[in-house]
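Next come the chains, spelled out residue by residue.
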Amino acid sequence: VLDLDSGEYYEIESGIPEVAAVGQGGLLDVAVHPEYAEGEAWVYLTYAAESDEGGEYATHLGRGRLNIEERALEAFEVLLVAEPFDSNNGHFGSRMVFDQENRLYVTVGDRRDRDQAQDLTNYWGTTVRLEDDGSVPSDNPFVDDDDAHDEIYTYGHRNVQGMAVHPETGDIWQNEHGERDGDEINIIDQPGGNYGWPIATHSREYIGGQPIGDLPEERDDVVNPIYYWDGTQYDDGQEGFAPSGLAFLDGDLFMGNLPYEYLGQFKLEGAERESVTVREERRILGGYGRIRDVRRHPETDDLYVLVDSPDAPVLRVQME
């Protein structure tokens, strides 16, 4: 826990679930209940955890009540296990946000088995939507479908690493990794929508560079991204964006960049799917390392940026 007033850190010493720090797995995301200050002292975690038999892993979602005085997470309960378990240790996701009705959205990666993102009988490559207690909203798109998990809200995602609520529209925005190029910015405004991976994408194979699937705009059965990287954006050798973390501030969109190690500031025009345009990108905070996450302070509008490194600093940015 970071005390923003003093700048001091302290550890939660008990109640944290056992986390599998393997490959891309580990403690993935942390979120607090929107009504935390009104007594809903729930802290939500997504994390990779090992199966009881050992050697296989899955993305987990759980919550506990934070007791700051005791530095403990109490009454921790697992709300969802994104089965199946698998020995692969990549593409766990995961990001969490609450919408304006206190419903919780959680992303799950495709676990490096791309075709599974089109299979609704597992959770891989999906965004799930839950009530704050882990129950399934009655209006989730697949609650009456025996061949799909009730928790799934959208599917056809590769590995979403950034998610935020647009401050004007209340829409959920995500960024998503492609392979070579094919990174995307999406609005999650289509319940039950297929967001394309891997049947419709601007990605190319890591080896050989061949196209993967069709282009999204060539199909009417997938939801198109509002912005994507197709290899034409940069003339300095940068390939795609490889995003992580996402936040809105003063009409701009901020996203962490992993391989090229900077924070991207994107100028937006419009907010609705039909009108939004991404106009330009500015690179800031270069030289600090891989930008893993970015969050906006709701009162001061400062940006807090987490760097992915062994001595990971938290940076505070004040925009002029």
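Preceding this paragraph is the structure being described.
Residues numbered from 1 in each chain as written. Predicted model: local features only at pLDDT ≥ 70, side-chain atom pairs only at ≥ 80, totals over all residues. Heavy atoms only, no water.

(A) Looking closely at the overall build of the protein. Regarding its fold elements, the protein presents zero helices and 19 strands. Computed over C-alpha atoms, the radius of gyration of the protein comes to 19 Å, within 12% of the 20 Å expected from 2.2 N^0.38 for 320 residues, which places it in the range of a compact globule. Expressed along its principal axes, the backbone C-alpha trace of the protein runs to roughly 55 × 50 × 35 Å. Across the 320 residues in the protein, those meeting the buried criterion constitute 51%. Across the protein, every contact between residues at least 6 apart in sequence was considered, and the portion connecting residues at least 24 apart equals 51%. For the protein, the accessible area works out to roughly 14,900 Å², and carbon and sulfur atoms hold 41% of it. Averaged over its 23 positive side-chain charges, the protein has a centre that lies 5 Å from the centre of its 69 negative ones. (Helix = DSSP H or I, 4+ residues; strand = E, 2+ residues; numbered from the N terminus. Rg over C-alpha atoms; globule rule 2.2 N^0.38 Å. Buried < 20%, exposed > 50% of the residue type's maximum accessible area, 1.4 Å probe, protein only. Contact = heavy atoms within 4.5 Å. Areas by Shrake-Rupley, 256 points an atom, 1.4 Å probe, with all protein chains shown as cover. Lys, Arg positive; Asp, Glu negative; His and termini not counted. Charge placed at Lys NZ, Arg CZ, Asp CG, Glu CD.)

(B) Representation of the side chain of Asn175 in the model. Mapped onto the elements, Asn175 comes out in strand β10 (residues 172–176). In this structure Asn175 comes out as buried when scored by relative accessible area, which is 0%. When near neighbours in sequence (up to four residues on either side) are disregarded, Asn175 contacts Val160, Gln161, Gly162, Glu184, Ile185, Pro243, Ser244, Gly245, Leu246 and Met255.

(C) Local environment of the nonpolar core. Membership of the largest hydrophobic core comes to 20 residues, with the highest contact counts inside it found for Tyr44, Leu61, Met96 and Leu104. Contributions of two or more residues to this core are made by β2 (42–50), β4 (72–86), β5 (96–98), β6 (104–108), β7 (126–130) and β8 (152–155). Residue contacts for Leu104: discarding those within four places in its chain leaves Tyr44, Leu61, Met96, Val97, Phe98, Val128, Arg129 and Leu130. By size, the runner-up hydrophobic cluster in this structure holds 17 residues, among which are Trp173, Ile185, Tyr234 and Phe266. (Core = buried A, V, L, I, M, F, W, Y, C linked by side-chain atoms within 4.5 Å.)

(D) The arrangement of the pairing of β4 in detail. Sheet analysis places strand β3 (residues 57–67) next to β4, joined by nine bridges and oriented antiparallel. Bridged to Tyr57 within β4 is Asp86. Counting the residues between successive antiparallel strands, the hairpin from β3 to β4 contains four residues, one of them, Arg71, with a positive phi of roughly 50 degrees. (Pairing = 2+ DSSP bridges.)

(E) Layout of the sheet that holds strand β16 (residues 277–284). Strand order in the open sheet formed by four strands is β13-β14-β15-β16, and the pairing between neighbours is antiparallel. The open sheet is flanked by β13 (243–249) and β16, the only strands paired with a single partner. For this sheet, the mean inter-axis angle between neighbouring strands, taken without regard to orientation, is 25 degrees. (Axes fitted to C-alpha atoms, helices over the stretch in contact; angles between N-to-C directions.)

(F) Broad picture of the pattern of salt bridges. Here the structure, examined in full by the defined rule, presents 22 salt bridges. With a closest N to O distance of 4.0 Å, Asp293 and Arg95 form a salt bridge. Taken together, the residues span a long stretch of sequence, with Asp293 in strand β17 (residues 290–296) and Arg95 in the loop between β4 and β5 at a distance of 198 residues. Just as Asp293 is buried, Arg95 falls in that class too. One salt bridge in this structure joins Asp252 and Lys267, with 3.0 Å as the shortest N-O distance. (Salt bridge = Lys/Arg side-chain N within 4 Å of Asp/Glu carboxyl O.)

(G) Up close: the pairing of β10. With five of its five residues buried, β10 lies for the most part within the structure. Going residue by residue along β10, you find Ile172, Gln174 and Glu176 tucked away on one face and Trp173 and Asn175 tucked away on the opposite face as well. The pairing of strand β9 (residues 160–165) with β10 spans five bridges and is antiparallel. Bridge assignment links Val165 to a residue of β10, and that residue is Ile172.

(H) Structural view of the layout of surface pockets. A volume near 160 Å³ is recorded for the second largest pocket. Lining the second largest pocket, in full, are His166, Pro167, Glu168, Phe248, Leu249, Asp250, Gly251, Leu268, Gly270, Ala271 and Arg296. In the lining of the second largest pocket, the residues fall into five nonpolar, three polar and three charged. (1 Å grid on protein atoms, 1.4 Å probe; cavity = no way out; pocket = protein on both sides within 12 Å on 5 of 7 lines; lining within 4 Å. Points joined across faces, edges and corners; volume = space filled by probe spheres on them. Nonpolar A, V, L, I, M, F, W, Y, C, P; charged D, E, K, R; others polar.)

(I) Looking closely at the environment of His157. Tracing the sequence through the fold places His157 in the loop between β8 and β9. It is 14 Å that separates the C-alpha atoms of His157 and Gly90, two residues lying 67 residues apart in sequence. The contacts of His157, once residues within four sequence positions are left out, are Asp110, Ala117, Gly125, Thr126, Thr127, Gln174, Glu176, Ile188, Tyr195 and Trp197. At a separation of 3.0 Å, a polar atom in the side chain of His157 contacts the side chain of Glu176. (Polar contact = N/O pair within 3.5 Å; in protein donor to acceptor, adjacent residues only side chain to side chain.)

(J) Focus on the side chain of Ser94. Tracing the backbone shows Ser94 in the loop between β4 and β5. Engagement of the side chain of Ser94 in a polar contact is seen with the side chain of Thr46, the distance being 3.5 Å. For Ser94, the side chain forms a polar contact with the main-chain oxygen of Thr107, separated by 2.8 Å.

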